[in-house]
There are 2 protein chains.
Amino acid sequence: MQMGTLAVQQIDDSIQAMVRRDVEAAEAVMQRDAELDALERKVENQTIRLLALRQPMARDLRDIVGALRIASNLERIGDFAANVAKRSLALQSLPTVELTGSLAPIGRTVADMLKSVIQVYESDDLAGALAVRDRDEEVDRAYTALFRELLTYMMESPQRITACTHLLFAAKNLERIGDHATNIAETIVFRIQGRLPEEERHKGDDSSFTVLGTDRV
Amino acid sequence: MQMGTLAVQQIDDSIQAMVRRDVEAAEAVMQRDAELDALERKVENQTIRLLALRQPMARDLRDIVGALRIASNLERIGDFAANVAKRSLALQSLPTVELTGSLAPIGRTVADMLKSVIQVYESDDLAGALAVRDRDEEVDRAYTALFRELLTYMMESPQRITACTHLLFAAKNLERIGDHATNIAETIVFRIQGRLPEEERHKGDDSSFTVLGTDRV
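None of these values were measured; they are calculated from a predicted model. (Residues numbered from 1 in each chain as written. Chains lettered and ligands numbered in written order. Predicted model: local features only at pLDDT ≥ 70, side-chain atom pairs only at ≥ 80, totals over all residues. Heavy atoms only, no water.)

## Let's talk about the overall build of chain A
Okay, step 1: Of regular secondary structure, chain A possesses seven helices and zero strands.
Okay, step 2: Each helix and strand of chain A, ordered N terminal to C terminal, gives the series α-α-α-α-α-α-α.
Okay, step 3: Against the 2.2 N^0.38 benchmark of 17 Å for 217 residues, chain A shows a C-alpha radius of gyration of 19 Å, consistent with a compact globule.
Okay, step 4: With the C-alpha coordinates of chain A rotated into their principal frame, the extents come out at 60 × 40 × 25 Å.
Okay, step 5: Within chain A, buried positions represent 58% of all 217 residues. (Helix = DSSP H or I, 4+ residues; strand = E, 2+ residues; numbered from the N terminus. Rg over C-alpha atoms; globule rule 2.2 N^0.38 Å. Buried < 20%, exposed > 50% of the residue type's maximum accessible area, 1.4 Å probe, protein only.)

## Looking at the packing of aromatic side chains
All names here are of chain A.
Okay, step 1: Under the defined criterion, the tally for this structure stands at five aromatic pairs over all chains.
Okay, step 2: On the numbers, 6.0 Å between centres and 65 degrees between planes, the contact of Tyr 143 with Phe 147 is edge-to-face. Taken together, the positions of Tyr 143 and Phe 147, both in helix α6 (residues 136-156) and four residues apart, correspond to about one turn of that helix.
Okay, step 3: Overall, Tyr 143 belongs to the buried group, its relative accessible area being 0%. (Phe/Tyr/Trp six-rings, centres within 6.5 Å; stacked < 30°, edge-to-face > 60°.)

## Observations regarding the nonpolar core
Okay, step 1: In this structure, Leu114(A) and Leu114(B) are the most contacted members of the largest nonpolar core, which totals 114 residues.
Okay, step 2: Discounting residues that sit within four places of it in the chain, Leu114(A) has contacts with Gly4(A), Ala7(A), Val8(A), Ile11(A), Leu74(A), Ile77(A), Ala181(A) and Ile184(A).
Okay, step 3: Core analysis: the second largest hydrophobic core is formed by 18 residues, Leu51(A), Leu68(A), Ile48(B) and Ala52(B) among them. (Core = buried A, V, L, I, M, F, W, Y, C linked by side-chain atoms within 4.5 Å. Contact = heavy atoms within 4.5 Å.)

Note that every value here comes from positions in space, so none of it alone points to a role or purpose.
Written out as structure tokens, the structure is:
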């Protein structure tokens, strides 16, 4: 729970750093990342102690293996937020790109997914976990749309290429945070049911295949 | 071991798909990704069975928790290779970028790191694990250099922006494969010693801060 709360704050602050060009927020995010790393180590050590000393079974065992997985997802989410913060510093010395603001709604959605999944973890709520997982498609679509917009913008303003590239990677980081929130939701399903959700999740990220009309040879 | 061998093949084939514009290789990589996913599930299930039925201690416990972690790293490596393959398909319909060839040496290095780390896993070789981990700095530096080259190239040839963006993300995927090979090396250290390597690893990836001379406002 402590890792989850910290990870949500890291996402919020990294978006603030990016959108408001807030250097202090960026530096705070980068510094606090070590706290998430330390908390993950702590969860790992406690997990291994518990497995060795208590020999848990069934639901207890799934709780413990689940905690190990979720801690790893939260640590990665922290890395992505720290990378958004880093890129906001590179953007300080570059010309402004109006599309920077488009990161904010994606950031809010993934921060929201993470907040929900933390509540779902505490309340052990199967339907809630599946609902979080379903929101990832929305993130993927928003990311793919922004990817296309940024490509178009770069073609029109080649002097903004470096700035847009950092924004592309920042958007990708946010999209990956959505994936990790989804993984956490799936681990919660596993913890409750003893198996992962059966139905394949719909995915909306087609950005890897993106070619614009103007690109065709 | 089976997952590791398959992951190495996926990296090799995705690079082939990218550099030689080989559609068949790309499609084969994308299809085979499901095999890695299935193998990870198998490792997870076996891990949980072993923990529940055998209540392992000390080194046995570390072997099992280590296998769980490594399977997750290998599954992610497969995802990155599949993404390189996907992007090679987008590149098919785009003008050629000479820098595509620069992906090959990074791909060879990370495939090599992964091959070594699999051997180290089998031979339980502490020094070997630390040596693999040290190679990641080389990957990070090569990635950062290619990142800068691609930015420069995009500024000079705005009609190549979409192609270069896919190459930037493909390069990032390879760099992430290096990180996961490093994580595997660290898990091997943990498995042998009961603790992670103490010394912080040197990192050479400064690409998140990259601003070119020509970018300054």
